[in-house]
Amino acid sequence: MDETDFQPGSGPEPDDLQFEIEQAEDYSQYLLHSKAEIVAALRSLIQRRALVSAYIEPGRGFLLTSLLNLEADTGTLLLDWGRDDEINRQALSATQLILSAEVDKVKVQFTLSNLLETRLGGRPAFLAALPDKVLRLQRREYFRLSTPIAKPVKFVTTIKRVDGSTLIAEASLLDISGGGVGLMATPSLAALLPSGTVLSDCKMTLPDEGLLVGKLCVRNKFDVTTRGGARYVRVGCEFLNLPGARMSMVQRYITRIERERKARLSGMS
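Residues numbered from 1 in each chain as written. Predicted model: local features only at pLDDT ≥ 70, side-chain atom pairs only at ≥ 80, totals over all residues. Heavy atoms only, no water.

Draft legend 1. Inspection of the pairing of strand β15 (residues 198-206) at higher detail. Summarising the sheet, strand β12 (residues 154-160) and β15 pair through two bridges and their orientation is antiparallel. The residue bridging Val156 from the neighbouring strand is Lys203, located in β15. Inspection of the sheet shows β15 paired to strand β16 (residues 210-225) by seven bridges, in the antiparallel sense. Within β16, the residue paired with Leu206 across the bridge is Gly210. Where β15 hands over to β16, the hairpin turn is made up of three residues, of which Asp208 adopts a positive phi near 70 degrees. (Pairing = 2+ DSSP bridges. Helix = DSSP H or I, 4+ residues; strand = E, 2+ residues; numbered from the N terminus.)

Draft legend 2. Seen up close, helix α2 (residues 35-47). Along its 13 residues, α2 runs 18 Å from first to last C-alpha, staying within 8% of the 18 Å computed at 1.5 Å per residue. Within α2, the full set of buried residues consists of Ile38, Val39, Ala41, Leu42 and Leu45. Looking down the long axis of α2, one finds its buried residues gathered within 165 degrees of arc, a one-sided arrangement. Set apart from the buried face of α2 by more than 90 degrees, the exposed residues are Ala36 and Gln47. Looking at the buried side of α2, the elements it contacts are β1 (31-32), β4 (67-71), β5 (76-80), β6 (96-103), β7 (106-113) and β10 (134-138). Phi turns positive, to about 50 degrees, at Arg49, one or two residues after α2. (Expected span 1.5 Å × (residues − 1). Buried < 20%, exposed > 50% of the residue type's maximum accessible area, 1.4 Å probe, protein only. Arc of directions from axis to C-beta. Contact = heavy atoms within 4.5 Å.)

Draft legend 3. Fine view of unusual backbone geometry. A positive phi angle is found at Asn114, which is not glycine, with a value near 55 degrees. Mapped onto the elements, Asn114 comes out in the loop between β7 and β8 (116-120). By relative accessible area, Asn114 is classed as exposed at 53%. One non-glycine residue, Asp208, lies in the positive phi region at around 70 degrees. For Asp208, the position within the fold is in the loop between β15 and β16.

Draft legend 4. Fine view of the pattern of salt bridges. This model, assessed by the stated rule, comprises eleven salt bridges. Of the charged contacts in the structure, one is a salt bridge between Arg144 and Asp175, with a shortest N-O distance of 4.0 Å. One end of the pair, Arg144, is in the loop between α4 (139-142) and β11 (145-146); the other, Asp175, is in strand β13 (residues 166-176), with 31 residues separating them in the sequence. In this structure, Arg234 and Asp175 form a salt bridge, with 3.0 Å as the shortest nitrogen-oxygen distance. Of the two residues, Arg234 is situated in strand β17 (residues 231-240) and Asp175 in strand β13; the sequence distance between them amounts to 59 residues. A relative accessible area of 9% means that Arg234 is categorised as buried. (Salt bridge = Lys/Arg side-chain N within 4 Å of Asp/Glu carboxyl O.)

Below you can see the structure in the form of structure tokens.
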């Protein structure tokens with residue numbers, strides 16, 4: 001490779017990073033499972049000669065590589081050999097590696113297991129079996145905007161209790177993306193929203209855009225304590241079959257708020 005390989009300590013360590021492909025519940029709609037789709041996504045990396053970051057097990061370093069060849073019939077993949085032999089050996093001994101690349105604002109992630117050493121054109125290379133899934137995520141879908149505190153986005157939905165009664169629940173949005181939203185919920189409200197809950201009638205008023213109505217599915221929850229000691233629960237929800245016109249509304253809102261923030265930072269407003 002022409003580029004210098006990253007070494008442990010020369011950038012963010014693997015255990016400091018989070019990978020979308022490891023958060024299958026949050027990003028399930030962006031996972032490719034069919035062999036034809038996987039082959040197409042990986043071949044695009046080969047054709048564009050994309051740099052691929054290969055992360056070894058947490059804390060053991062990572063290297064830059066690229067995909068050299070793909071054989072769909074045999075289900076094998078060839079990757080470039082790194083410059084640091086020690087890192088190469090660690091990659092060969094690792095049970096699993098996470099690989100990540102970005103081409104034309106599309107993030108591609110996949111995992112490989114049990115790499116083998118082989119040769120291509122007289123040079124060493126890595127040999128691996130094709131992954132069984134690939135995450136393909138466009139930047140507009142994975143960019144997550146923290147909603148402005150000065151203009152909070154209010155969220156209202158109807159929750160069905162176990163006894164059949166209903167509850168009108170309100171919360172504020174912590175963040176929003178093309179894939180879903182993060183709710184700022186009280187512990188009592190979060191208790192009524194177990195993972196997998198589908199909220200069919202969700203209303204969010206996006207300032208200067210209008211009322212966004214959609215269906216959400218609860219994907220994850222975690223407790224948050226502010227510096228002031230206040231506690232709340234972030235409830236991560238995924239949009240379900242959001243129509244194109246409503247997705248455009250979300251993207252317009254995200255684009256405008258981000259533009260306004262940049263203008264304030266640059267002193268233009």
